[in-house]
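Topology and contacts: notes
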Amino acid sequence: MRQVSIEGIRDFDLDHIFDCGQAFRWNRRPDGSYAGIAGRRIANLRFDPCQQGGRLILSNVTDEDFNGFWKDYLDLGRDYGAIKKELAAKDPVIGRAIGAGQGIRLLRQDKWETLISFILSQNNHIPRIKKCIEALCCQFGEKAGQLDGEVYYTFPAPETLACLEPEDLVECRLGYRAKYLIGTARKVAADGLERLETMGAPDVSAAEAFEYVTSFPGVGPKVANCILLFSMGKYDCFPVDVWMKKVMNDLYGLESVKEISDFAGRTYGSYGGIAQQYLFYYVRQISRRQSADPLTLENRRK
DNA sequence: TGCCAGGCAAGCC
DNA sequence: GGCTTGCATGGC
């Protein structure tokens, strides 16, 4: 199989990247590799860490694909080591979270797919969000190809979803989010997909992009910030969900969303969104450990 | 078995 | 403008 191998990659860990709630169409294989789809491109990623920077092996990928797409998608051009240093220098507490998710990278994902995916994320668990999205792609996407015996489907286009009615979506089990999805698809189709795409341009401010994406039904401040951060390169955005409320309360004693957002802007600056991902991964890791280990202090008190 | 999740919109004051 | 409530669903 066609394959690309890249040496000397630092600040990179597949579990951290694909298990930090930013992308929903990647799955861990028993060998520790991840298989997934982006656009029409299907790939398997494997990473062998080593002291001097590890080796990333991308299967089902050509050199042309790597240079023209995957390099940017995986954000390999960014120096996360420098960002981590900068964040740690600004704030003494975040070092713990950076240590937990040291290999996180923010994927540069498709804007339309991210918009719909995070509409489906609201008041939902990550494993179930993945199921909803797979059902949607399987039913309304196009067959993109096959890898290791598994068939992959593209994310359905705006026009495809725009002409659906809620009853067409019952099998996807989206719940009350189905009507938001249809309303948003219709508005994207009416506005033209280009309008959404232009929001990712560097000269479009986060505030302007925020205003546009919150005009879609089912998109409030939290979902909007996720879209801006995960698909539009607005790295100062700081999405606050229930996990972030918990970790920001535990670490800094902050309570309200406004308190948390203000603190983040003040403290982490232009890389607040990246700080947010380390914190998100950290608090979820702690939570998982506690539920896996009944002898932790918190559980013993019960 | 309930509780809860990468929240939002609508209705209240 | 801030606060409360209803919401579909299923993983844990």
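Residues numbered from 1 in each chain as written. Chains lettered and ligands numbered in written order. Predicted model: local features only at pLDDT ≥ 70, side-chain atom pairs only at ≥ 80, totals over all residues. Heavy atoms only, no water.

What about the environment of Asp75?
Within the secondary structure, Asp75 is located in the loop between helix 2 (63-73) and helix 3 (80-90). A C-alpha to C-alpha distance of 23 Å links Asp75 and Tyr152, two positions 77 residues apart in sequence. Those residues in contact with Asp75 that sit more than four places away from it in its chain are Tyr80, Arg105, Leu106, Arg108 and Tyr235. (Helix = DSSP H or I, 4+ residues; strand = E, 2+ residues; numbered from the N terminus. Contact = heavy atoms within 4.5 Å.)

Brief notes about the packing of helix 5 (residues 111-121) against helix 11 (residues 221-231)
Relative to each other, helix 5 and helix 11 sit at 150 degrees, their axes nearing to 9 Å. Of the two elements, helix 5 crosses helix 11, and the hand of that crossing is right-handed. Where helix 5 approaches helix 11, its residues Lys111, Thr114, Leu115, Phe118, Ile119 and Ser121 are matched on the opposing element by Lys222, Val223, Cys226, Ile227, Phe230 and Ser231. Per-class residue counts for the contact of helix 5 with helix 11 are seven nonpolar, three polar and two charged. (Axes fitted to C-alpha atoms, helices over the stretch in contact; angles between N-to-C directions. Left-handed = near helix turned anticlockwise from the far one by under 90°. Nonpolar A, V, L, I, M, F, W, Y, C, P; charged D, E, K, R; others polar.)

Brief notes about the protein's contact with DNA strand C
DNA strand C sits among Asn123, His125, Arg128, Lys131, Arg173, Gly175, Tyr176, Arg177 and Lys179. Here DNA strand C approaches the protein such that, of its atoms within 4 Å, sugar and phosphate make up 68%. At 3.1 Å from a base nitrogen of DNA strand C is found a side-chain nitrogen or oxygen belonging to His125. Secondary structure elements with two or more residues in the surface near DNA strand C: helix 6 (126-140) and helix 8 (177-191). Taken together, the residues of the surface near DNA strand C break down into one nonpolar, three polar and five charged. (Near = heavy atom within 4 Å. Polar contact = N/O pair within 3.5 Å; in protein donor to acceptor, adjacent residues only side chain to side chain.)

Points about the side chain of Gln109
As for its placement among the helices and strands, Gln109 is situated in the loop between helix 4 (95-100) and helix 5. The exposure class assigned to Gln109 is buried, which follows from its relative accessible area of 10%. Within the local environment of Gln109, its side chain forms a polar contact with the backbone oxygen of Gln22, the two atoms lying 2.8 Å apart. When sequence neighbours within four positions are dropped, the list of residues in contact with Gln109 reads Gln22, Ala23, Tyr73, Thr114, Phe230 and Ser231. (Buried < 20%, exposed > 50% of the residue type's maximum accessible area, 1.4 Å probe, protein only.)

A few points about the protein's contact with DNA strand B
Around DNA strand B sit 29 residues, and of these Gly21, Ile126, Tyr176, Trp243 and Gln276 come closest. Counting only atoms of DNA strand B within 4 Å of the protein, the sugar-phosphate share comes to 60%. A distance of 2.9 Å is found between a phosphate oxygen of DNA strand B and a backbone nitrogen or oxygen belonging to Val223. Here a base nitrogen of DNA strand B and a side-chain polar atom of Asp241 are 2.9 Å apart. Elements with a contribution of two residues or more to the surface near DNA strand B: helix 5, helix 11, helix 12 (242-252) and helix 14 (272-292). Considered class by class, the residues forming the surface near DNA strand B number 16 nonpolar, 10 polar and three charged.

Looking at the UniProt feature "domain: HhH-GPD" (unreviewed entry) in chain A
The feature "domain: HhH-GPD" (unreviewed entry), as annotated in UniProt, sits at residues 120-284 in this numbering. End-to-end, the C-alpha atoms of residues 120-284 are 20 Å apart, and along that stretch the chain is 59% helix and 5% strand. (UniProt positions renumbered as here; feature names shortened; annotations may be inferred.)

Here's the deal with the domain arrangement of chain A
The domain boundaries assigned to chain A delineate domain 1 (3-77), domain 2 (111-231) and domain 3 (242-294). Here the C-alpha centre of domain 2 lies 23 Å away from the C-alpha centre of domain 1. Across the domain 1-domain 2 interface, the total number found is three salt bridges. Here Arg40 makes a salt bridge to Glu142, at a shortest N to O gap of 2.3 Å. Across the domain 1-domain 2 interface, the total number found is six residue pairs in polar contact (both at pLDDT 80 or more). (Domains from an automatic or database assignment. Salt bridge = Lys/Arg side-chain N within 4 Å of Asp/Glu carboxyl O.)

Thoughts on helix 2
Every buried residue of helix 2 is listed here: Phe66, Trp70 and Tyr73. The buried residues of helix 2 all sit within an arc of 90 degrees when viewed along its axis, so they share a single face. Among the exposed residues of helix 2, those oriented more than 90 degrees off its buried face are Glu64, Asn67 and Gly68. Considering only its buried residues, helix 2 is in contact with strand 1 (3-9), strand 2 (26-28), strand 3 (34-38), strand 4 (41-48) and strand 5 (54-59). (Arc of directions from axis to C-beta.)

Description of the pattern of salt bridges
Inspection of the entire model under this criterion finds 17 salt bridges. Ionic pairing is found between Lys258 and Asp262, a salt bridge with its closest N-O pair at 2.9 Å. With Lys258 and Asp262 both in helix 13 (residues 257-268) and four residues apart, this pair spans about one turn of that helix. Bridged by salt links that share partners, the residues Lys187, Asp191 and Arg195 form one connected network.

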